[in-house]
Amino acid sequence: MSGVNSPEVLAAYDSIRSDKEEQNWLLLSYGATGNKLQLTATGTGGLLELTAQLDDTQVQYAYVRVEYANDAESKRVKFAFVVWIGENAKVMKKARASIEAGDVKKVLSHYSVELTANDKGDLNEDEVVKRLRKAGGADYNGGRG
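About the cut-offs
- Residues numbered from 1 in each chain as written.
- Predicted model: local features only at pLDDT ≥ 70, side-chain atom pairs only at ≥ 80, totals over all residues.
- Heavy atoms only, no water.
- Helix = DSSP H or I, 4+ residues; strand = E, 2+ residues; numbered from the N terminus.
- Contact = heavy atoms within 4.5 Å.
- Areas by Shrake-Rupley, 256 points an atom, 1.4 Å probe, with all protein chains shown as cover.
- Pairing = 2+ DSSP bridges.
- Axes fitted to C-alpha atoms, helices over the stretch in contact; angles between N-to-C directions.
- Core = buried A, V, L, I, M, F, W, Y, C linked by side-chain atoms within 4.5 Å.
- Buried < 20%, exposed > 50% of the residue type's maximum accessible area, 1.4 Å probe, protein only.
- Polar contact = N/O pair within 3.5 Å; in protein donor to acceptor, adjacent residues only side chain to side chain.
- Salt bridge = Lys/Arg side-chain N within 4 Å of Asp/Glu carboxyl O.
- Phe/Tyr/Trp six-rings, centres within 6.5 Å; stacked < 30°, edge-to-face > 60°.
- Lys NZ or Arg CZ within 6 Å of the ring centre and 35° of its normal.

(A) Local environment of the overall build of the protein chain. Within the protein chain, the regular secondary structure consists of four helices and five strands. Along the chain direction, N to C, the helices and strands of the protein chain fall in the order α-β-β-α-β-β-α-β-α. Looking at the protein chain alone, contacts between residues at least 24 apart form 59% of all its contacts between residues at least 6 apart. For the protein chain, the exposed surface amounts to about 7,800 Å²; the carbon and sulfur share of it is 46%.

(B) Structural detail: the sheet that holds strand E4 (residues 74-85). With mixed pairing, the five strands of this open sheet are ordered in space as E2-E1-E3-E4-E5. At either margin of the open sheet sits one strand with a lone partner, and together these are strand E2 (37-43) and strand E5 (113-117). Here the strands of the sheet are splayed against their neighbours by 25 degrees on average, with no regard to which way each runs. Sheet topology note: the E4/E5 ladder contains five bridges and is parallel. Following the sheet pairing, Val 83 is matched in E5 by Thr 116. Of the strands in this sheet, strand E1 (25-30), E2, strand E3 (59-71) and E4 touch helix H1 (residues 7-17), which is tilted by about 155 degrees from E1. Packing against the sheet, helix H2 (residues 46-53) makes contact with E1, E2 and E3, and its axis sits at approximately 15 degrees to E1.

(C) Quick peek at the nonpolar core. Formed by 22 residues in total, the largest nonpolar core has its most connected members in Leu 26, Leu 28, Tyr 61, Tyr 63, Phe 81, Val 104 and Leu 108. Where this core is concerned, the elements lending two or more residues are H1, E1, E3, E4 and helix H3 (91-107). Here Leu 26 is in contact with Val 9, Ala 12, Tyr 13, Ile 16, Leu 39, Ala 41, Thr 42, Leu 50, Tyr 61, Ala 62, Tyr 63 and Leu 108, once residues within four sequence places are set aside. Ranked by size, the runner-up nonpolar core spans 20 residues in total, among them Leu 27, Ala 41, Val 82 and Trp 84.

(D) Broad picture of the side chain of Arg 133. Here Arg 133 shows up in helix H4 (residues 125-136). A polar contact is formed between the side chain of Arg 133 and the backbone oxygen of Ala 69, at a distance of 2.5 Å.

(E) Focus on the pattern of salt bridges. Inspection of the entire model under this criterion finds seven salt bridges. The residue Lys 75 makes a salt bridge to Glu 67 at a minimum N-O spacing of 3.0 Å. Residue class for Glu 67 comes out partly exposed when judged on its relative accessible area of 38%. The partner of Arg 96 in a salt bridge is Glu 100, and the shortest N-O contact between them spans 2.9 Å.

(F) Geometry of the packing of aromatic side chains. Considering all chains together, one arrives at four aromatic pairs under this definition. Each ring, one from Tyr 63 and one from Phe 79, has its centre 5.6 Å from the other, and the planes form 10 degrees; the classification is stacked. In this pair, Tyr 63 sits in strand E3 while Phe 79 sits in strand E4, placing the two residues 16 residues apart along the sequence. Judged by its relative accessible area of 0%, Tyr 63 is buried. Linked through ring pairs, Tyr 13, Tyr 63 and Phe 79 together constitute an aromatic cluster. A cation over an aromatic ring shows up here: Arg 17 above the ring of Phe 79, its NZ or CZ 4.4 Å from the ring centre.

Structure (structure tokens):
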């Protein structure tokens, strides 16, 4: 599990948190040996692009920056931590996910919501934004999500 605090992961995390960078998501997956997480993808296309990278045979962890408008004058930036448990992942990998997620969260530590998903539909951007709005407290959208 030791690859989660590698310089590549830390640099990608810092880039996503930066207002000056375009990168807005990262994906951690197990390498060929299956015992060490590594940075397998990053991108600038948000949740939609990230979701396309998820593997139904893997347990993966992602960190994503989500921007949304509260009203005509304001824009908010929030972060989500994603635990992806693919439907066809091996049983032992699925079982270890909750423990391993704790280790990953120690590195990818600043987020508003944690999303656990096993279906790509669970990461629909509109639904994620609704959860982020609720987590943010103030809702300047009149309760419309």
